[in-house]
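So you can see what is in the structure, the chains are spelled out below.
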Amino acid sequence: MSQNVNQPASKRLADYQPPLFLIPELSLSFRLVPDATIVTATSRVRRNGDHQQPLVLDGEELDLLSAKVNGEPVAVTQLPGRLQLETHLNEFELTLVTRINPQGNSSLEGLYMSDGAYCTQCEAEGFRRITYFFDRPDVLAKYSVRIEAPQSFKYLLSNGNKVDSGKLADGWHFACWQDPFPKPCYLFALVAGDMDLLQDSFRTASGREVKLQVFVDKGNLHKAHHAMASLKKAMAWDERRFGLEYDLDIYMIVAVDFFNMGAMENKGLNIFNTKYVLADRESATDDDFHGIESVIGHEYFHNWTGDRVTCRDWFQLSLKEGLTVFRDQEFSSDVGSRPVNRIHAIKVIKNQQFAEDAGPMSHPIRPEEVIEMNNFYTVTVYNKGAEVIRMMHTLLGEAGFQAGMKLYFERHDGQAVTCDDFVQAMQDASGKDLTQFRRWYSQAGTPQVDVDDSYDAQTGIYRLTLRQHTPQRAGEAAKLPLHIPFSVELLDAQGQSLANQVLDFTESEQTFEFQGLPAAVIPSLLQDFSAPVRLSYDFTIEQLLVLMANASSEVARWDASVTLFSRAVWDNVSRLQRQQSMLLDNRVIDAFRGVILSAELDHALAAEILKMPSVATLMEQVTQVDLDALLCARDYVIDAIATACEDEALARYRVLHAVDDAGSRAFANALLVLLARGADGHEALLQQQFAQANNMTAALGALSAAVDGNSDCRDALLDAFEQRWQQTPLVMDKWFSLQANINVPEVLQRLQKLQQHPAFSMGNPNRVRSLLGTFAAANIAQFHRADGAGYRFMTDIIKQLNGSNPQVAARIITPLIQFGKLDAGRQQLLKQCLHQLLELPALSRDLYEKVSKALQV
Ligand code: B3K
Ligand code: ZN
């Protein structure tokens, strides 16, 4: 990328240098005033090594009021984004007083206000908006914090243990906190507000009593119980599975409505998006309950993988995120359904990560060059990162992996380390050579694995030949073969399992032999998605039917259904392109009918199969797409299955919809979507499920089916839902998302109108994501309208957000920059929009990085 002085500079992993000074202790004092908070920061500074460089601290949007060294005023130089102090002292105390404006902070980074309460978000580089400091993860300090605020802010919270509190003059009060564990500044947190508090406690394996507190907006206490139960489950699980205990006397979670992402693992004081805390049966779906359990677990697990051992620099983000996602996935799988959780994880990779890798933001799980770090909290770093950890788990086995974890903590507790340090611990503890495996950290792109097989009837030998290559882009180093754990099950024509094995696939091309097999072997390849690669093998329909009914892995059965469905869609895309009429093989219909009728399939798994592969899943399978033909063919296949299986779906639905468990609800809802699409439309059924629903999963299931089927009752149901829930922001988010998904051209007018709705606010990321983010990411037909109106609508939205909240703007721009597979006309329209953005006078670094990469300027 070319650079001139006006373009934001990038940082490179190769340029890493240890800090020139260390700050082992930091004392912070806050006097909280909405538009003029005073922050006094006293650091014990120590020169690191033998040099005479000045002290240079990071800082943004700060008013410096005074600077002192060892109590004496001192001259400092303020530069853009930095503060410089010339000194020959090797050890000194630096006191800086700054003024900040939390109320005016719409970026929700640093100290800001959410519904009248103060809260912070420092990761990745938000601490520099609180005071001048080394805003980098390898400077670890022990923090003591004093907070002063009016008594109307009942709770004054920070990391660690509360050591003092009391009243002050003029109706103010204070609290002091000390965190005994040295931490990087991105884990600092402060909260001040009047909230409701749910309390509980947890006795650790070694017998320590930990106080647990969940703070929520007033009136929401009854919605905090699931979060608390999830926290206790997570604490017990981490002891059981990883031998890891909590280390402070108190663990606090605060839920806020204004938050840029899901949650944040600040030491001892997690701050959460309300979406991942608040739930009861009436207002939250089964998926919401599951999401809360998983995110509560994720942030809790960070206490060891992230907080106790942190990252040396931000390029190492996957060290904590990939590992912690792996841990939360294992938690969900141990306490819930392993196959269903695995399917969800696979979908994230195939639908989102493969798309990221095929787009302009493609990067290795350990990026090498970054303009805005917040742009790298990606499905690649998080979810592909977790797949890389999972592959190590597959290669080492549970015992070897746990030995590696143990050694990792023995070596690195209290340190800021690299991904290499982690892999080295895994290698040393297990004795498994991971040299080649490390390439997963440095090579971007989705590896392609092509499979051929042959059977020698004379010898009874079945041969599987695997070839791998990773696409190389201009400017990238040559891609080398990866160490791929390739899981295979071989079945006979009747579906009996003959062999089950994980192959060590390390060469560009490798042939594996299996002896003593009967003819007509059916391979179940890359079972459970044993590596994040794209697979190509020419399955016959018969083979897929056998796998769908018999593979011993339930994930493989789902996977076969995806391949079967996808083939039917692509066949029809070809027919459309040849001006032929569409058709569907009866065997495909029968396979899905079999799922609808199956007495032995787990209900949640049946639901997963019947949800049918998304447009994103289908697009992942090709390099160029005729979007109009794809949408048409996909609708045709689903409608054909829905129509042919209508009687069976109705009969099964009638039994299932009254069953009170999450799997049955999911199954019933998937059937309802099919019924709404069938010949009859089943309006009465939709209305009935909606009216009788005593939980959000059922109500939303009916509404979603009405939206998906464009049913006549759709708007009446949406109105009734609004009446019932207009005072409940998280539920209104569901209502906004549903409408953003309506597949009619007038949806754009609807979206414009909804932006004026009293429950909507452009300043709240949850509202923006649910209405506008959903439109761009999920309403494929309308966002990608051939006249470009969808693109222009989103461009205007992104322009507005560029000034107020660049992080959210850079998140929801994703569908606008991933245009590589679209036709020339749509690409052209999107590029025009992106050029407009690039010319914005004050384009944020966040957007600049993505837009300039997309346009290759
Ligand atoms: N570590 C935070 C994410 C911070 C995102 C900064 N833009 C939450 C998590 O992954 O647990
Ligand atoms: Zn995380």
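Residues numbered from 1 in each chain as written. Chains lettered and ligands numbered in written order. Predicted model: local features only at pLDDT ≥ 70, side-chain atom pairs only at ≥ 80, totals over all residues. Heavy atoms only, no water.

Details of the overall build of the protein
Stated precisely, the cut-off is as follows: Secondary structure is summarised from DSSP: a helix means a run of H or I of at least four residues, a strand means a run of E of at least two, and numbering begins at the N terminus for each. For each residue, the accessible area found with a 1.4 Å probe, counting protein chains only, is set against the maximum for its type, and the residue is called buried under 20%, exposed over 50%, and partly exposed in between. A contact between two residues is defined here by any heavy atoms of the two lying within 4.5 Å. Working definition of accessibility: Shrake-Rupley area with a 1.4 Å probe, residue cover restricted to the visible protein chains. Residues scored as charged are limited to Lys and Arg (positive) and Asp and Glu (negative), so that His and the chain ends carry no count. Note that the charge is assigned to NZ on lysines, CZ on arginines, CG on aspartates and CD on glutamates.
Each helix and strand in the protein was counted, giving 27 helices and 31 strands. Along the longest, intermediate and shortest principal axes, the C-alpha atoms of the protein span 85 × 65 × 60 Å. Put simply, the protein has 857 residues, and 60% of those count as buried. Look at the contacts in the protein between residues 6 or more apart in sequence, and 69% of them connect residues 24 or more apart. Put simply, the protein shows about 32600 Å² of open surface, and 49% of that area lies on carbon and sulfur atoms. Once the 80 positive and 107 negative side-chain charges of the protein are each reduced to a mean point, those two points are 2 Å apart.

Quick notes on the sheet that holds strand β7 (residues 77-79)
Quick note on the threshold: Any two strands are treated as partners once DSSP identifies two or more bridges connecting them. Orientation is described by axes fitted as lines to C-alpha atoms, over the contacting stretch for helices, and by angles from 0 to 180 degrees between their N-to-C directions.
Overall, antiparallel pairing links the 3 strands, which are arranged β4-β8-β7 in an open sheet. Here the strands that pair on one side only, and so sit at the sheet edges, are β4 (55-58) and β7. Across the sheet, the axes of successive neighbouring strands diverge by a mean angle of 25°, strand direction being ignored. Of the strand pairs in this sheet, β4 and strand β8 (residues 82-85) are connected by 4 bridges, and their pairing is antiparallel. The partner of L57 across the bridge, within β8, is L83.

Quick notes on the state of the cysteines
Rules: Our working definition of a disulfide is a cysteine sulfur pair at a distance within 2.5 Å.
Under the defined criterion, the tally for this structure stands at 0 disulfides. In this model C122 remains outside any disulfide bridge; the closest cysteine sulfur is found in C185, 6.8 Å from its own. In this structure C122 comes out as buried when scored by relative accessible area, which is 0%.

Side note on the coordination of the zinc ion (ligand 2)
Threshold: Sites may look incomplete, because water is not among the atoms used; the donor set itself consists of N, O and S atoms within 2.8 Å of the metal (3.2 Å for Na, K and Ca).
Of the protein atoms, only H298 (NE2), H302 (NE2) and E321 (OE) coordinate the zinc ion (ligand 2), at distances of 1.9 to 2.0 Å. Within one chain, the residues serving as donors to the zinc ion (ligand 2) are arranged as H-x3-H-x18-E. One end of the pair, H298, is in helix α2 (residues 286-301); the other, E321, is in helix α3 (residues 317-335), and 23 residues separate them in sequence. When its relative accessible area of 1% is taken as the criterion, E321 is described as buried.

Some remarks on the UniProt feature "domain: Aminopeptidase N-like N-terminal" (unreviewed entry) in the protein
To keep things clear, this is the line we draw: UniProt positions are given in the numbering used here, feature names are shortened, and annotations may be inferred rather than shown by experiment.
Under the UniProt annotation, the feature "domain: Aminopeptidase N-like N-terminal" (unreviewed entry) is placed at residues 83-187. Annotated as residues 83-187, this span is 0% helix and 53% strand, and its ends, taken at the C-alpha atoms, are 22 Å apart.

Thoughts on the UniProt feature "domain: Peptidase M1 membrane alanine aminopeptidase" (unreviewed entry) in the protein
What UniProt calls "domain: Peptidase M1 membrane alanine aminopeptidase" (unreviewed entry) maps, in this numbering, to residues 227-440. Structurally, residues 227-440 is divided into 56% helix and 9% strand, and its ends, taken at the C-alpha atoms, are 35 Å apart.

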